[in-house]
Amino acid sequence: PEWPLAVMQYGVSYGGLSLLAEYLMARFETRLIGRVAPAAGDGFARLASVYGVAWNDLFAGYARWLFEERSAFPGDAVAVRSPETKLGVAPSGVLYLPESYDAAKLAVTAAPKTCEGSKNVVRNEIVHRADTTARAIWVESVPPCAAVRGETKFDSFTLERK
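Residues numbered from 1 in each chain as written. Predicted model: local features only at pLDDT ≥ 70, side-chain atom pairs only at ≥ 80, totals over all residues. Heavy atoms only, no water.

K.L.:
Before we go on, may I ask you to explain the sheet that holds strand S4 (residues 106-110) in this structure?
P.N.:
Strand pairing in a sheet relies on backbone hydrogen bonds, with the paired strands running either antiparallel or parallel. In spatial order, the strands read S2-S8-S4; together these 3 strands make up an open sheet with antiparallel pairing. Single-partner strands in this sheet number two, and they are strand S2 (86-89) and S4. On average, each strand axis in the sheet is inclined to that of its neighbour by 40 degrees, with strand direction left out of account. Pairing of S4 with strand S8 (residues 157-161), which is carried by 4 bridges, proceeds in the antiparallel orientation. Bridge pairing in S8 places Ala110 opposite Thr158. (Pairing = 2+ DSSP bridges. Helix = DSSP H or I, 4+ residues; strand = E, 2+ residues; numbered from the N terminus. Axes fitted to C-alpha atoms, helices over the stretch in contact; angles between N-to-C directions.)

So this is what it looks like as structure tokens:
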């Protein structure tokens, strides 16, 4: 989940995109997904136009769904990670940390170059499922921005406690 859904250049997260598509089809009319490709604008604008919901609101719903709901496809549930001093999360990525993690003082201390022109705000939300509760953490960017694939990894935001 910490890998980006939106990537400029090469390096698409097909697993993440398939889960986003599953989320969209589970929460909205299934026929709408066929309207995304022919819509106008970048991917964020296309999704917002077709679903009538801003990208950042769509993504917040996806971050909840990804943790709380079981995909129709086989696989393990999303894991809760141990927090680190510095956290890295890609644009359109999300981290799941223990519920007790205090995210109130988290700040973006470094942003990918593609996101430097955006207003970047750390968002967090408590998410639940039958076996555990966690804190979802992601960066909301206005305007939305995408990751760029480097030689070995994706650019990410660095988050630190202030």
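K.L.:
In this structure, what is going on with the pattern of salt bridges? I would like to understand it.
P.N.:
A side chain of one charge can pair with a side chain of the opposite charge when the charged atoms of the two come close. This model, assessed by the stated rule, comprises 6 salt bridges. Between Arg27 and Glu69 there is a salt bridge, with the nearest N and O atoms lying 3.6 Å from each other. Linking Arg27 in helix H1 (residues 14-27) with Glu69 in the loop between helix H3 (55-68) and S2, this pair joins segments that are 42 residues apart in sequence. Owing to a relative accessible area of 44%, Arg27 belongs among the partly exposed residues under this scheme. In this structure Glu69 comes out as partly exposed when scored by relative accessible area, which is 36%. (Salt bridge = Lys/Arg side-chain N within 4 Å of Asp/Glu carboxyl O. Buried < 20%, exposed > 50% of the residue type's maximum accessible area, 1.4 Å probe, protein only.)

K.L.:
Sorry, what's going on with the nonpolar core here?
P.N.:
Proteins that are soluble and globular tend to have nonpolar side chains buried together. Formed by 29 residues in total, the largest nonpolar core has its most connected members in Tyr51, Phe59, Tyr62, Val94 and Tyr96. Every element with two or more residues in this core is listed here: H1, helix H2 (43-51), H3 and strand S6 (132-142). Here this core takes 9 residues from H3, the largest share from any one element. (Core = buried A, V, L, I, M, F, W, Y, C linked by side-chain atoms within 4.5 Å.)

K.L.:
Would you explain the sheet that holds S6 in this entry?
P.N.:
With antiparallel pairing, 3 strands are arranged side by side in an open sheet as S3-S6-S5. The open sheet has two edge strands with one neighbour each: strand S3 (95-98) and strand S5 (119-129). With direction set aside, neighbouring strand axes in the sheet form an average angle of 30 degrees. With 4 bridges joining them, S3 and S6 adopt antiparallel strand pairing. Within S6, the position partnered with Tyr96 by the bridge is Ala136.

K.L.:
Looking at this model, I keep getting lost on the packing of aromatic side chains. Mind explaining?
P.N.:
Any pair of aromatic rings gets described here by the distance separating the centres and the angle formed by the planes. The tally for this structure, following the rule as stated, stands at 9 aromatic pairs. Look at Phe59 and Tyr62: their rings are 5.9 Å apart centre to centre, the planes differ by 50 degrees, and that puts the pair in the tilted class. Placement of the pair is Phe59 and Tyr62 together in helix H3, with a separation of 3 residues, close to one helical turn. In this structure, Phe59 and Tyr62 share a single accessibility class: buried. Relative accessible area serves as the criterion here: at 4%, Phe59 is assigned to the buried category. One residue, Arg129, lies across the ring of Phe67, its end atom 4.0 Å from the ring centre. (Phe/Tyr/Trp six-rings, centres within 6.5 Å; stacked < 30°, edge-to-face > 60°. Lys NZ or Arg CZ within 6 Å of the ring centre and 35° of its normal.)

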